[in-house]
Amino acid sequence: MLLITLPVLPSHAQTVPTAITCEGVFGKSTTHAQLVKTFGAANVTFEEIDGAEGETLKATVLFKADPAKRVEVVWRDEAKRAGPSSIGVKQPSAWIGPLNIRNGMTVPEIAQLNGQPFTMSGFEWDYGGYVTDLKGKLAALPGGCGLTLRFSPGMDIPAGKKYQAIVGDRTIKSDNALLLSVKPKVTEWSVGWAE
């Protein structure tokens, strides 16, 4: 006879969200304390994370030791740990975002969800692969937050002149055939609010 035992979930587990939206515990007015209440103190830390151009910044981190569940929250008011400026995940985090945004999505999938093409920056620099202009459905999310997406090539970009048009500080349209040939996928995304 096979006996299967299920783990006992903490009492707060029934209310733990499975998606990051622009409302509720991930809304504009959330705080570090609310995240602790929702996810449990053992799953919420406040620590330094990597920022752009080699900088570091302080953030609340959910599920620090579990890359598939990790979330980083940067605060508008860092001293009070209140009002998120960004709530983000990086690959391999499996969180789902507004309108089912997730890591691993392709450029055509994002364009279809957006309802039109978009622009992004070239690869292989500090801001490489970031979407620079959506101008579609993804530009105005329910709950009033903004969306940031970053793509990484799905293969090593070969050296040589042919691929220079999609490398470096330049803007590329999402329907560019050369861009599509390197099979980019979303590897980071975040929602946030302007200061």
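Caption draft 1: Local environment of the sheet that holds strand 9 (residues 185-192). The strand order across the open sheet formed by six strands is 1-2-3-4-9-7, and the pairing between neighbours is antiparallel. The outermost strands of the open sheet, each flanked by one partner alone, are strand 1 (44-50) and strand 7 (146-152). Between one strand axis and the next, the sheet turns by 30° as a mean value, whatever way the strands run. As paired strands, strand 1 and strand 2 (residues 56-62) are joined by seven bridges and run antiparallel to one another. Across the sheet, Ile-49 pairs through a bridge with Leu-57, a residue of strand 2. The sheet strands contacting helix 1 (residues 32-39) are strand 1, strand 2 and strand 3 (71-77), and the helix crosses strand 1 at an angle near 120°.

Caption draft 2: Representation of the packing of aromatic side chains within the structure. For the structure on display, the rule yields six aromatic pairs. Considering the side-chain rings of Phe-26 and Trp-95, the 5.7 Å spacing of their centres and the 85° angle between planes classify their relative orientation as edge-to-face. Separated by 69 residues along the polypeptide, Phe-26 in the segment before helix 1 and Trp-95 in the loop between strand 4 (82-90) and helix 2 (107-114) bring together distant segments of the chain. For the pair formed by Phe-26 and Trp-95, the shared burial category is buried. Their ring planes at 70° and their centres at 5.5 Å tell us that Trp-125 and Tyr-127 sit as a pair that is edge-to-face. Residue Trp-125 is classed as partly exposed on the basis of its relative accessible area of 29%. Through a chain of ring-to-ring contacts, three or more aromatic side chains come together here, namely Phe-26, Phe-39, Phe-63 and Trp-95. Lying over the aromatic face of Phe-63, Lys-69 brings its terminal NZ or CZ to 4.2 Å of the ring centre. One Lys or Arg, Arg-81, reaches over the ring of Phe-46 and ends 3.8 Å from the middle of that ring.

Caption draft 3: Spotlight on helix 2. All of the buried residues along helix 2 are Val-107, Ile-110, Ala-111 and Asn-114. One side of helix 2 carries all its buried residues, which in axial view fall inside an arc of 100°. In this fold, the buried residues of helix 2 make contact with strand 7, helix 3 (177-181) and strand 9. Just past helix 2, the residue Gly-115 takes up positive phi, approximately 85°.

Rules used throughout
- Residues numbered from 1 in each chain as written.
- Predicted model: local features only at pLDDT ≥ 70, side-chain atom pairs only at ≥ 80, totals over all residues.
- Heavy atoms only, no water.
- Pairing = 2+ DSSP bridges.
- Helix = DSSP H or I, 4+ residues; strand = E, 2+ residues; numbered from the N terminus.
- Axes fitted to C-alpha atoms, helices over the stretch in contact; angles between N-to-C directions.
- Contact = heavy atoms within 4.5 Å.
- Phe/Tyr/Trp six-rings, centres within 6.5 Å; stacked < 30°, edge-to-face > 60°.
- Buried < 20%, exposed > 50% of the residue type's maximum accessible area, 1.4 Å probe, protein only.
- Lys NZ or Arg CZ within 6 Å of the ring centre and 35° of its normal.
- Arc of directions from axis to C-beta.

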